[in-house]
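Coordinates in review
Chain by chain, the residues run as shown.
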Amino acid sequence: MHVSAIIAAGGRGARFGRDRAKQFLRLGGRPILQRAVDAFVLSDRITDVVVALPSDLLGSAPDYLRGRSKPIAIVEGGARRQDSVANAFALVSGRADVVVIHDAARPLVSADLIRRTVAAAVECGAAIAALPVTDTVKRGDADRIIVDTLPRGEIFLAQTPQAFRVGVLRDALARAAGFADATDEAALAERAGHRVRLVEGDPRNIKITTPDDLATAERLVGPPARSRVEGTTLRIGNGYDLHRLAAGRRLILGGVVIPFEKGLEGHSDADAVCHAVTDAILGGAGAGDIGRHFPDTDAAWKDADSLALLTRGAQIIGAAGFSVVNVDVVVVAQRPRLVPYIDAMRANLARAMGVATDRVSVKGKTNEGVGAIGAGESIAVHAVALIARSI
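Residues numbered from 1 in each chain as written. Predicted model: local features only at pLDDT ≥ 70, side-chain atom pairs only at ≥ 80, totals over all residues. Heavy atoms only, no water.

1. Concerning the pairing of strand E17 (residues 360-365)
As a reminder of what qualifies: Pairing between strands is defined by DSSP: at least two bridges between them are needed. A run of H or I in DSSP becomes a helix once it reaches four residues, and a run of E becomes a strand once it reaches two; helices and strands are each numbered from the N terminus. Note on handedness: a clockwise path from strand one over the helix to strand two, with the strands aimed away from the viewer, defines a right-handed crossover.
Of the pairings in the sheet, the one linking strand E16 (residues 322-332) to E17 comprises six bridges and is parallel in character. By the bridge assignment for E17, Asp-328 is matched with Ser-361. In this fold, E16 hands off to helix H10 (residues 342-353), which returns the chain to E17; that crossover is right-handed.

Structural data, given as structure tokens:
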């Protein structure tokens with residue numbers, strides 16, 4: 001199933017009270033918009049992403065919107081939210097079955113909430129994340145006199161993501177001209193006569209509208225470097241791979257084809273760097289190893305592109321609620337000299353995992369002439385990954 005995500009980030013955030021749009025402020029060391037985009041790039045339910053930005057930023061979009069593991073299109077936002085969504089919808093792939101819409105100002109959306117909202121839209125046609133109210137709800141008049149007490153069992157606080165089968169959203173947007181007061185796409189779908197299912201939301205999925213909201217989100221994220229125990233935010237994984245060098249094979253490391261008289265033997269393209277990193281991120285999430293997911297006994301993985309396997313590994317841990325924080329790689333090879341290719345490896349690995357290049361380190365070491373590696377018969381790779389549970 002093809003599921004496209006629209007991230008509405010075209011607003012100016014006037015209520016926030018700062019010169020800079022709130023979606024570009026930092027939360028836990030990362031821009032708010034980046035956190036929102038990362039959640040969808042790493043979701044195993046999302047195929048591609050469209051981001052609506054303020055018009056003056058179209059020519060200088062942030063680096064984290066480029067070179068990701070999934071296609072990201074950028075479009076100009078409109079004067080109203082529904083205008084931004086309509087502009088983005090025009091760029092959605094014709095192959096899309098479902099479109100998910102999310103506010104950039106909700107950077108703490110979880111992989112599970114995305115998954116459940118999409119599933120409900122597939123079943124019902126339209127669905128939104130929402131929280132039931134816990135307080136008694138009063139309706140007042142212009143003088144703040146109570147005129148009614150509403151049954152709280154029927155009241156829900158809408159969140160995003162909101163997901164729609166393509167035909168439902170197309171119909172809702174086509175009728176939007178007559179609904180200038182609609183605050184979300186669910187309202188447009190309702191008024192167009194479509195059923196919209198409520199999906200249990202997440203109290204942590206707050207919308208950052210004021211500085212107090214940002215402070216609350218900072219407390220939820222916690223210090224970037226703070227680790228916790230099992231069931232907590234940070235996990236570490238180790239990866240290791242070793243392949244013999246053989247004549248007649250291409251030498252591929254970190255997705256880079258390196259000119260050399262020998263290449264690594266293996267069932268896939270034998271990219272030991274990608275294999276070690278894949279094992280590291282899978283291990284951190286407790287999700288097995290590369291052999292379990294891509295066994296060398298399966299002809300489907302014969303000569304497979306290991307960068308694609310790494311991308312799939314990132315999607316697997318994303319489905320479990322994790323994202324990559326950083327990766328450190330050591331390539332142990334007597335020859336060839338790897339320094340000219342390090343930056344390209346880092347960029348390839350970063351794109352495959354959906355992270356910024358500065359989160360990936362690759363270092364080349366020799367084995368000082370010791371053993372099979374030192375004799376130029378093999379190459380080994382060690383990798384360490386820090387991953388965080390998505391929040």
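2. Some points on the packing of helix H9 (residues 306-319) against H10
For clarity, the threshold we go by: Fitted lines through C-alpha atoms serve as axes, helices being fitted only where they are in contact, and the angles separating the N-to-C directions of these axes extend from 0 to 180 degrees. For classification purposes, an angle smaller than 35 degrees is called roughly parallel, one larger than 145 roughly antiparallel, one from 65 to 115 roughly perpendicular, and anything else oblique. Here, residues are in contact when the closest pair of their heavy atoms is within 4.5 Å. By the convention adopted, Pro, Cys, Tyr, Trp, Phe, Met, Ile, Leu, Val and Ala count as nonpolar, Lys, Arg, Asp and Glu as charged, and the other residues, Gly among them, as polar.
Between H9 and H10, whose axes approach to 7 Å, the crossing angle comes to 40°. In terms of their interaxial angle, H9 and H10 are classed as oblique. Between H9, through Leu-307, Leu-310, Thr-311 and Ala-314, and H10, the contact on the second element is made entirely by Asn-348, Leu-349, Ala-352 and Met-353. Its residues assigned to classes, the contact of H9 with H10 comprises six nonpolar, two polar and no charged.

3. Here we look at the side chain of Ser-306
Applied cut-off: Throughout, exposure labels follow a simple rule: accessible area from a 1.4 Å probe, protein chains only, divided by the maximum for the residue type, with under 20% read as buried, over 50% as exposed, and the rest as partly exposed.
Mapping Ser-306 onto the fold places it in helix H9. Given a relative accessible area of 1%, Ser-306 falls into the buried group. Leaving out residues up to four positions away in the same chain, Ser-306 has contacts with Ser-268, Asp-269, Ala-270, Asp-271, Cys-274 and His-275.

4. Considerations on unusual backbone geometry
Cis rather than trans, the peptide bond between Thr-160 and Pro-161 has omega equal to 15°. The amide bond that connects Arg-335 to the next residue, Pro-336, takes the cis arrangement and shows omega of 0°. With respect to the element layout, Pro-336 can be found in the loop between E16 and H10. One non-glycine residue, Arg-144, adopts positive backbone phi at about 60°. One non-glycine residue with positive phi stands out, namely Asp-303, at about 60°. Checked against the element boundaries, Asp-303 lands in the loop between helix H8 (290-293) and H9.

5. Quick word on the packing of helix H2 (residues 81-89) against helix H4 (residues 166-174)
Defined as follows: Helix crossings are classified by the rotation of the near helix relative to the far one: an anticlockwise turn of less than a right angle makes the crossing left-handed, while a clockwise turn makes it right-handed.
Look at H2 against H4: their axes get within 11 Å of each other, and the N-to-C directions meet at 130°. What the angle tells us is that H2 and H4 run oblique. In terms of crossing hand, the pair formed by H2 and H4 is left-handed. For the pair formed by H2 and H4, the contact residues are Val-85, Ala-86 and Phe-89 on the first element and Val-166, Leu-169, Arg-170 and Leu-173 on the second. Split into classes, the residues belonging to the contact of H2 with H4 amount to six nonpolar, no polar and one charged.

6. Observations regarding the nonpolar core
Note the threshold: Put simply, a nonpolar core is a bunch of buried Ala, Val, Leu, Ile, Met, Phe, Trp, Tyr and Cys residues held in one set by side-chain atoms that sit within 4.5 Å of each other.
Leu-253, Ile-281, Val-329, Val-331, Leu-349 and Met-353 are the most contacted members of the largest nonpolar core, which has 44 residues in total. Elements supplying a minimum of two residues to this core: strand E13 (251-253), strand E14 (256-258), helix H7 (272-284), H9, E16, H10, E17 and strand E18 (378-389). Dropping the residues within four chain positions of it, Val-331 is found in contact with Leu-253, Val-273, Leu-338, Val-362, Lys-363, Gly-364, Lys-365, Ile-379, Ala-380 and Val-381. Ranked by size, the runner-up nonpolar core spans 32 residues in total, among them Leu-65, Val-100, Val-118 and Ala-121.

7. Digging into empty space enclosed by the protein
For clarity, the cut-off: Lining residues are defined by having an atom within 4 Å of a point belonging to a cavity or pocket. Those points lie on a 1 Å grid over the protein atoms alone, cavities being sets where a 1.4 Å probe fits but cannot get out and pockets being open sets with protein on both sides within 12 Å along at least five of seven lines. Grid points are joined across faces, edges and corners, and a volume is the space filled by probe spheres set on the points.
If you walk through the whole model with that rule in mind, you get two cavities of 30 Å³ or more. Of the voids in this model, the second largest cavity is the one considered here, and its volume is about 40 Å³. What lines the second largest cavity is simply Arg-30, Gln-34, Asp-38, Leu-42, Arg-68, Ser-323, Val-324, Gly-354, Val-355, Ala-356 and Arg-359. Among the secondary structure elements, those contributing two or more residues to the lining of the second largest cavity are helix H1 (32-41) and E16. Among the residues making up the lining of the second largest cavity, the classes are represented as four nonpolar, three polar and four charged.

8. A word on the sheet that holds strand E5 (residues 72-76)
As summarised here, the arrangement of the seven strands in space is E5-E4-E1-E6-E10-E7-E11, forming an open sheet in which the pairing is mixed. Each having just a single partner strand, E5 and strand E11 (197-200) make up the two edges of the open sheet. Geometrically, the sheet is characterised by an average inter-axis angle of 25° between neighbouring strands, direction not taken into account. Bridge analysis of strand E7 (residues 126-132) against E11 gives four bridges, and the strand direction is parallel. The partner of Ala-127 across the bridge, within E11, is Arg-197. Running at roughly 160° to strand E4 (residues 48-53), H1 makes contact with strand E1 (3-8), E4, E5, strand E6 (98-103) and strand E10 (156-165) of the sheet. Those strands touched by helix H3 (residues 111-124) are E1, E6, E7, E10 and E11, and its axis lies near 60° from that of E10.

9. What about the sheet that holds strand E15 (residues 262-264)?
Within the open sheet, the five strands sit side by side as E15-E12-E18-E16-E17. Their pairing is mixed. Each edge of the open sheet carries a strand with a single partner, namely E15 and E17. Ignoring which end each strand starts from, the neighbouring axes of this sheet average 20° apart. Where strand E12 (residues 234-247) and E15 come together, three bridges link them in antiparallel fashion. If you follow Ala-246 over to E15, its bridge partner there is Gly-263. This element, H10, spans E16 and E17 of the sheet and lies at about 140° to E17.

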